[in-house]
Amino acid sequence: MLNHPWQVKLIKILTYLATILLVLLVFWMVSFIIIQGISYLNMTLLKESSSLIITTLMVVFLALLIALPLGIFSAIYLQVYTNNGKLVKMMRFSIDSLNGVPSIIFGLFALSFFIYYLGLNRSIFSASLIMSIVVLPLIIKNTEEAIKTIDIAQIQGSLALGASRFTTINRVIIPYCIDGIINGVILAIGKIVGETAAIMFVIGSASSIPKSFFEPGSTLATKLYLIIQEPTYSSNGIGSAYGIALILLLIVVLLNLLVKLVNHIFMKRRG
Amino acid sequence: MKKFLIIVIGLWLVGCSYQEGLEVSGSTSVAPVMEKLISDYQSNHVANINLTADGSSAGISAALEGVSDIGMSSRALSKDEFNNDIDVNIIGIDAIVVVLNKDNKITNLSIQDLHDIYCGKKNNWQDFGGENIPIVLVSRENGSGTRDAFEDSIKAKDANKASYVDLYNPVIVNSTGAVIENVKQKKGAIGYMSMGSVIQDIKAISLNNYQANKSNVIKKLYPISREFYVISKKNNIKAKTFINYILNEDGQHIIENEGFIRVK
Amino acid sequence: MKKYLNKQLFFETLYKLSIIFASLLLLLIIIFIFFEGVPALKEYGVFKMLFNMSWQPTAHEPSFGLSKMILATIISTLLSLLIAIPIGLLSSVCLVRLVSRKIKNIIMFIVEILAGIPSVIVGFFVLKTIVAFLYQHFYMNIGVSGNSMLAAVFVLALMALPTIITITVKALEAVNPMYTEASLGLGANKIQTIYKVELKAAKSGIMAAIVLGAGRVIGETMAVMLVSGNAINISSNLLLPTRTLTANIATEMSYASGLHQSALYASGIVLFIMIMLINITLLIILNKGGGDNA
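**Some details on the overall build of chain A**
Secondary structure summary: chain A contains 9 helices and 0 strands in total. Written out in order from the N terminus, the α and β elements of chain A read α-α-α-α-α-α-α-α-α. Taking all 271 residues of chain A together, 56% fall into the buried category. Here the contacts in chain A between residues at least 6 apart in sequence split such that 77% fall between residues at least 24 apart. With the model as given, the accessible surface of chain A reaches about 12100 Å², and the carbon-plus-sulfur share is 67%.

Dropping the structure here:
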C-alpha cells in the first residue's frame, strides 16, 4: 500500500480533489442563496423581517440572560473547585450529552414541560427558556476551555500570595477568560438564530412586532420554515423565503467574522 | 447601573404580560380565512385575538375544556365530543379540490379515478387520456382533517380506517403551501386542498364533471365538501360577539372573498 | 471578616447550585419525554413499536410500528457518512499538511460558514436544486418525485462534513511531531507519512469526529423533512421517498393528539436512546484513546 509512486500520486490528487469538492459545494450553496435572495431585498422584505429580527433578538437576549450566568458559574465550579472525581465525570457526561440531543427532542421536551406541564403560553418567553437549555453546554464548554488555558502558575501564585479561591476567581481567572466567554456567546447566538425544530412547537407564530416577551412570535428561522410550507403567509410569497435565507446567511457570516475579530484582539492581549 | 437595568427589564417583562385576549384555535384549513376575519375584526373593534392552528381535534377539545374561547373545526363533532353547554355554528362551506400541474392536459376526473390513483391501481396519466407521465401522489400527513375528508370521500381507507395511500410512495407534506409547491414544480403531480387555497400557479379540476362552485357544492353535485365549524361555550360573551360578526354580512363577505362558500 | 466569608460562601454555593442544575437538565428532559411516551409504549407494546412495519396512527385500531423509520434513519446515516467521511478525512489531511497556512485558514472559515448555516436553509437549497434535478431526470420512473432517500443522504452529508472536518483537523494537528519526523527520517515520503503514520496516531480523534458526525446526522430534522418525501417506506431504490424518525415526529406533531402524540414522543425515546448509545461509544473511544497521542 502506498509503496508505488503512482499510488502516492493518486492519493495526493484525491486529497486535493476532496478539498476542491468541499469548497465548490459550499460555494454552490452560498451563491444559490445570494443569487435567489438578492432580487427580493426590497422594502417589503425589510418591513416584514424587521419584526422577525426583533423577535429573534428577543429570544437571543433572554436565552443568554439565563444561560450565561448559569454556564459561567458551572464552568468555574468544574475548573476551580473540583477534583475530577466520579461525580464530576458524571456531571460532565450529562452536560456533554445535552450537547448531542437532537433539536426535535428539545422541541418535544419544551412542549411537554413548558406548555403542558407548566401551562405557559406559546410565546417568545417559552422559546427563550428552551434555547437557554440548548446553548448552556456551549457556554460551559467555551468558558471551561478559556479557564484551562490560563497558566496554572498564575493561579498558584495568586493562591500562594494568600488570596482566597474566590478572589482568585474574580481577579485572575475571569478577566483572562473573557475571550473564551465571548467566543461562547457568539457561537450561542449563531445557534439560537438558526434554530427551528427546538422552538417551533412553543413559540407560536406572529406577523407583527411583538409588544412583550409573553406574546407568540416568529423568528427568522421559524418564519422561513412557515413560508416554505405556506407561501401565502408572506407578502412576497416564496420570494420572502429566499430573502430571509439571505439575511440569515449574512448573519452567519457576520458572526463568524466577529469570532475571528475577537480572537485576534485577545491573541494580541495574551501576547 | 446593573441594578437599574435589572429593574427595568423586570418591569418590562412583567408589565406588558397581561392582555385580555380571545383565544381561537383549531383546524389549519379554517385558519387562513379565520386570520383574515380576525384582522378585519380587529381593525374595527378593540380586541386582541390570538390564533393557533393545531388541528380540528385539538381545537374542539380546547373549546370544550375552555382553554380556547373558540375552536375551529373542519369536521363535524363526534357523539362523545358534543355536549349541551357549547354552541356549534357553521361559518362556511369548503370544497376539497383536486389540483394538477398546469402542464397536465387533464381537466376532469371521477371519484373512481381518484380512488384508482391514490390506491395505486393506475399510475400513469395516459390511463386517463393524458400524456405518458407517471403520476406523483402528493398527500397530507396523518392527522390532517383535509386528508381524512379526502380519503373518506374516495374510499382510500380500509375497514380499520387505515389509509392505503401510504403504500404508494406519496410525497407527504404537512401544509397546503407544500402541496402547492410540489404540484407546481412536478408535472406528474396530483394533490388536494381546501378550495380557498387554490392559486393561479396550479390547476383545479372538476370532479364527476362538476366544478367546485357554490351551486354545485350546495346541491352536493360536487362530491367532496365539508363544513367549517366554530365551537364555543354558550356563556362566553366575547366569543359570541365575534362569532356573530362572522355570521353577519361583514364576516360572510370575507369568507366568500377568500374562496369559500358562505352560509348566510 | 465574617461578611467577607459569607460573600465567599454565597458565591461558592451559587457555583455549586449552577452545576447541579445544569447536570440535572438532561435528566429532566429524559423524564418528560418518557412521561409523554410511555402511554403509547404501554398501550401498543415496546416490541411491536420497534419491529412492526405498519404506522397508521389515525386508524380505529391504530398501529405505531417504527421499524421502517428506524431503518430509514440508520440507512440514511450510514450512506451519508459513507460520503462525508472520505471527503472529510481527505480534506482535513489536505488542510493540515498539504496547503499553506493562509489557504487553510480561508478554507476553515468556509467550513465554519457551512457549519453555521441553519438546517432549514440547507434543506431549502437541496430542495430547490437536487430534488428538482432528480425529478427532471428520473420522472419516468413510477414513484419518483425527486424527494428521496438520495436527496436526504446528500443533505445529511453536507451537515456532517463540518463536524467531521473541524474535529479531524484538530486531531491531526495534535499528532506528536516526533512521529512525523521519525517517519520522514526513515525515508518515507510526505504522503506515506500522513496516511500510514499520522492518521493512525490521530485515530481516536478521527473516530470521535465520525461518531459526533453520526450523532449530528441522526438528529437532523428540518433539512431531512424538506427533501426526503416523508413516505413511510424503505426500499433499495434510493430514488423513492422515505421517512426518518426525526421527520416522523416533525411532520405529524402539529395535529397529533392523545395516543398518536404519545407515540410520537415514544419515537423520540427511540431516537434518544440511539443518540445516547452514540455518546457512550464516544466516551469509550475517548477514554481508550487517551494514551495514544502522548
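**What about helix 6 (residues 176–185) of chain B?**
Residues separated by three or four positions in an α-helix point in the same direction, a consequence of the helix having 3.6 residues per turn. With respect to burial, helix 6 of chain B is a largely interior element, 8 of its 10 residues being buried. For helix 6 of chain B, every residue scored as buried is listed here: T176, G177, A178, V179, I180, E181, N182 and V183 of chain B.

**With respect to the interface of chain A and chain C**
If you look at the interface, chain A gives 76 residues, while chain C gives 76 residues. For the pair chain A and chain C, the summed buried area comes to about 7000 Å², and 82% of that belongs to carbon and sulfur atoms. Across the chain A-chain C interface, the total number found is 0 salt bridges. Only helix 1 (5–38), helix 2 (43–81), helix 3 (86–100), helix 4 (103–117), helix 5 (124–148), helix 7 (165–194), helix 8 (220–229) and helix 9 (238–270) of chain A provide two or more residues apiece to the side of chain A that touches chain C. Broken down by element, the side of chain A that touches chain C gets its largest block of residues, 19 residues, from helix 1 of chain A. When the residues that make up the side of chain A that touches chain C are grouped by side-chain class, the tally is 60 nonpolar, 14 polar and 2 charged.

**Here we look at the packing of aromatic side chains**
Applying the stated criterion across every chain, the model contains 29 aromatic pairs over all chains. Judged by centre distance (5.1 Å) and plane angle (65°), the ring pair of Y117 of chain A and F32 of chain C falls under edge-to-face. Of this pair, Y117 of chain A sits in helix 4 while F32 of chain C is found in helix 1 (residues 2–44), placing the two residues in two different chains. For Y117 of chain A, a relative accessible area of 56% translates into the label exposed. A centroid spacing of 5.2 Å and a plane angle of 55° characterise the contact between F228 of chain B and F260 of chain B, whose relative ring orientation is tilted.

**Brief notes about the environment of L150 of chain C**
Residues and elements named next belong to chain C. Mapped onto the elements of the fold, L150 is located in helix 6 (residues 149–173). Judged by its relative accessible area of 34%, L150 is partly exposed. Taking C-alpha positions, L150 is 15 Å from Q136, a pair spaced 14 residues apart along the chain. Those residues in contact with L150 that lie beyond four places of it in its chain are L134, L238 and L239.

**Quick look at unusual backbone geometry**
Even without a glycine there, the phi angle at K220 of chain B is positive, about 65°. Structurally, the position occupied by K220 of chain B is in the loop between helix 7 (214–218) and strand 11 (225–233).

**Describing the nonpolar core**
Counting 188 residues, the largest nonpolar core has I104, F106, F109, I130 and M131 of chain A together with M49 and V227 of chain C as the members making the most contacts within it. When residues of this core are assigned to their parent elements, the largest contribution, 17 residues, is made by helix 2 of chain A. If we ignore the near neighbours within four places in the chain, the residues touching M131 of chain A are V59, A63, K191, I192, E195, A198 and I199 of chain A. Formed by 69 residues, the second largest nonpolar core is a distinct cluster that contains A95, F128, A156 and I261 of chain B.

**As for the packing of helix 2 (residues 31–44) of chain B against helix 8 (residues 237–247) of chain B**
The axes of two packed helices give the description: the angle between them and the distance between them. Residue and element names in this part refer to chain B. Two elements in contact, helix 2 and helix 8, have axes separated by 11 Å at closest approach and are oriented at 105°. The angle between helix 2 and helix 8 falls in the class roughly perpendicular. In this structure, helix 2 uses M34, L37, I38, D40 and Y41 to contact helix 8, whose residues at the interface are T241, F242, Y245 and I246. Counted by class, the contact of helix 2 with helix 8 contains 7 nonpolar, 1 polar and 1 charged residues.

**Focus on the pattern of salt bridges**
All names here are of chain B. Counting across every chain of the model gives 25 salt bridges over all chains. For E258, the salt bridge is made with K36, and the minimal N-O distance between the two is 3.9 Å. Separated by 222 residues along the polypeptide, E258 in the loop between helix 9 (249–257) and strand 12 (261–262) and K36 in helix 2 bring together distant segments of the chain. With relative accessibility at 42%, the residue K36 sits in the partly exposed group. A salt bridge links E141 to R140, with the nearest nitrogen and oxygen atoms 3.2 Å apart.

Conventions and cut-offs
Residues numbered from 1 in each chain as written. Chains lettered and ligands numbered in written order. Predicted model: local features only at pLDDT ≥ 70, side-chain atom pairs only at ≥ 80, totals over all residues. Heavy atoms only, no water. Helix = DSSP H or I, 4+ residues; strand = E, 2+ residues; numbered from the N terminus. Buried < 20%, exposed > 50% of the residue type's maximum accessible area, 1.4 Å probe, protein only. Contact = heavy atoms within 4.5 Å. Areas by Shrake-Rupley, 256 points an atom, 1.4 Å probe, with all protein chains shown as cover. Buried area = accessible area lost by both parts, 1.4 Å probe. Salt bridge = Lys/Arg side-chain N within 4 Å of Asp/Glu carboxyl O. Nonpolar A, V, L, I, M, F, W, Y, C, P; charged D, E, K, R; others polar. Phe/Tyr/Trp six-rings, centres within 6.5 Å; stacked < 30°, edge-to-face > 60°. Core = buried A, V, L, I, M, F, W, Y, C linked by side-chain atoms within 4.5 Å. Axes fitted to C-alpha atoms, helices over the stretch in contact; angles between N-to-C directions. Parallel < 35°, antiparallel > 145°, perpendicular 65-115°, else oblique.

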